[in-house]
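Per-entry structural report
Residues per chain are reported as follows:
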Amino acid sequence: MAILDILVAPHPVLKKVAAPIDEVNDEIRQLMDDMMETMYDAPGIGLAAPQVGVSKRVLVMDIGDEETGPQPMKMANPEIVWASDDISSYNEGCLSLPEQYANVDRPSQVKIKYLDESNVAQELDADGLLATCVQHEIDHLDGVVFVDHLSSLKRNMILRKLKKWVKSNAA
């Protein structure tokens, strides 16, 4: 396994719609494993392939904590097939927008169809943090970052802060 470089916004790959994969094969499983290791190292709770420069519809997540232990999830071609009308607001951050956070409103529950790491079709009913995280990562596959859900004023403030962060961390 390898730790991959995480792209920082406004990298152009982050704005592209990722291509679906035909099947979860050894190459995709290796990508999933590398992404999982990269996410844990960052540290984060979710990572989409475009964030590591791979424009494919693949994501990994782990919202486990000390109480539940690790809960790694690997998904290919995830698709939201149902979303609740109820809305939840979470203070979201992103590994591609380091140290930037904002409240984002999303459906509080979703149903997801995807291929697992064995290339088997699965469904997932998600709520709470899991629902927020999977929607955030699917957004990445569609070329959307969490600040795209904010008002232009809030988005521009965060992007200005991010530019300063990039300059101060480039040295």
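To start, this report covers the structure provided alongside it. (Residues numbered from 1 in each chain as written. Predicted model: local features only at pLDDT ≥ 70, side-chain atom pairs only at ≥ 80, totals over all residues. Heavy atoms only, no water.)

This part is about the side chain of glutamine 51. Of note, glutamine 51 is situated in the loop between strand S1 (46-48) and strand S2 (58-61). Glutamine 51 sits in the buried class, given a relative accessible area of 1%. Apart from residues lying up to four places away in sequence, glutamine 51 is in contact with Asp5, Ile6, Leu7, Leu14, Gly46, Cys94, Leu95, Ser96, Glu137 and His140. (Helix = DSSP H or I, 4+ residues; strand = E, 2+ residues; numbered from the N terminus. Buried < 20%, exposed > 50% of the residue type's maximum accessible area, 1.4 Å probe, protein only. Contact = heavy atoms within 4.5 Å.)

Looking at the element boundaries, methionine 157 is found in helix H3 (residues 152-170). Take methionine 157: its relative accessible area is 40%, and that puts it in the partly exposed class. Once the C-alpha coordinates of methionine 157 and valine 147 are considered, the two residues, 10 residues apart in sequence, prove to be 10.0 Å apart.

Our next topic: the pattern of salt bridges. For side chains of opposite charge, pairing can occur when their charged atoms come near one another. For the coordinates displayed, the defined rule picks out 10 salt bridges. For arginine 29, the salt bridge goes to aspartate 26, with nearest N and O atoms at 2.9 Å. Here arginine 29 pairs with aspartate 26, and both are found in helix H1 (residues 26-41), just 3 residues apart, close to one helical turn. Of the residues examined, arginine 29 reaches a relative accessible area of 28% and is grouped as partly exposed. Salt-bridge contacts for lysine 56 lead to glutamate 27; the nearest nitrogen and oxygen are separated by 3.2 Å. Placement of the pair is lysine 56 in the loop between S1 and S2 and glutamate 27 in helix H1, with a sequence separation of 29 residues. Salt bridges linked by common partners bring Asp33, Lys74 and Glu117 together as one network. (Salt bridge = Lys/Arg side-chain N within 4 Å of Asp/Glu carboxyl O.)

Over the atoms a probe the size of a water molecule is rolled, and this reveals where empty space is left. A volume near 460 Å³ is recorded for the largest pocket. Lining the largest pocket are 25 residues, with Gly44, Ile45, Gly93, Cys94 and Leu95 positioned closest to its centre. Secondary structure elements with two or more residues in the lining of the largest pocket: strand S4 (87-94), strand S5 (97-107) and helix H2 (128-141). Sort the elements by how many residues they give to the lining of the largest pocket and H2 lands first, with 6 residues. Here the lining of the largest pocket is composed, by residue class, of 13 nonpolar, 9 polar and 3 charged. (1 Å grid on protein atoms, 1.4 Å probe; cavity = no way out; pocket = protein on both sides within 12 Å on 5 of 7 lines; lining within 4 Å. Points joined across faces, edges and corners; volume = space filled by probe spheres on them. Nonpolar A, V, L, I, M, F, W, Y, C, P; charged D, E, K, R; others polar.)

Because side chains alternate across S2, one face comprises the buried residues Val58 and Val60, and the other comprises Leu59 and Met61, equally buried. Here 3 bridges tie S1 to S2, and the two strands are oriented antiparallel to one another. Each residue of the ladder has a partner; that of alanine 48, found in S2, is leucine 59. In this sheet, strand S3 (residues 73-83) lies alongside S2 in antiparallel orientation, the contact comprising 4 bridges. Looking at the pairing, methionine 61 lines up with methionine 73 of S3. (Pairing = 2+ DSSP bridges.)

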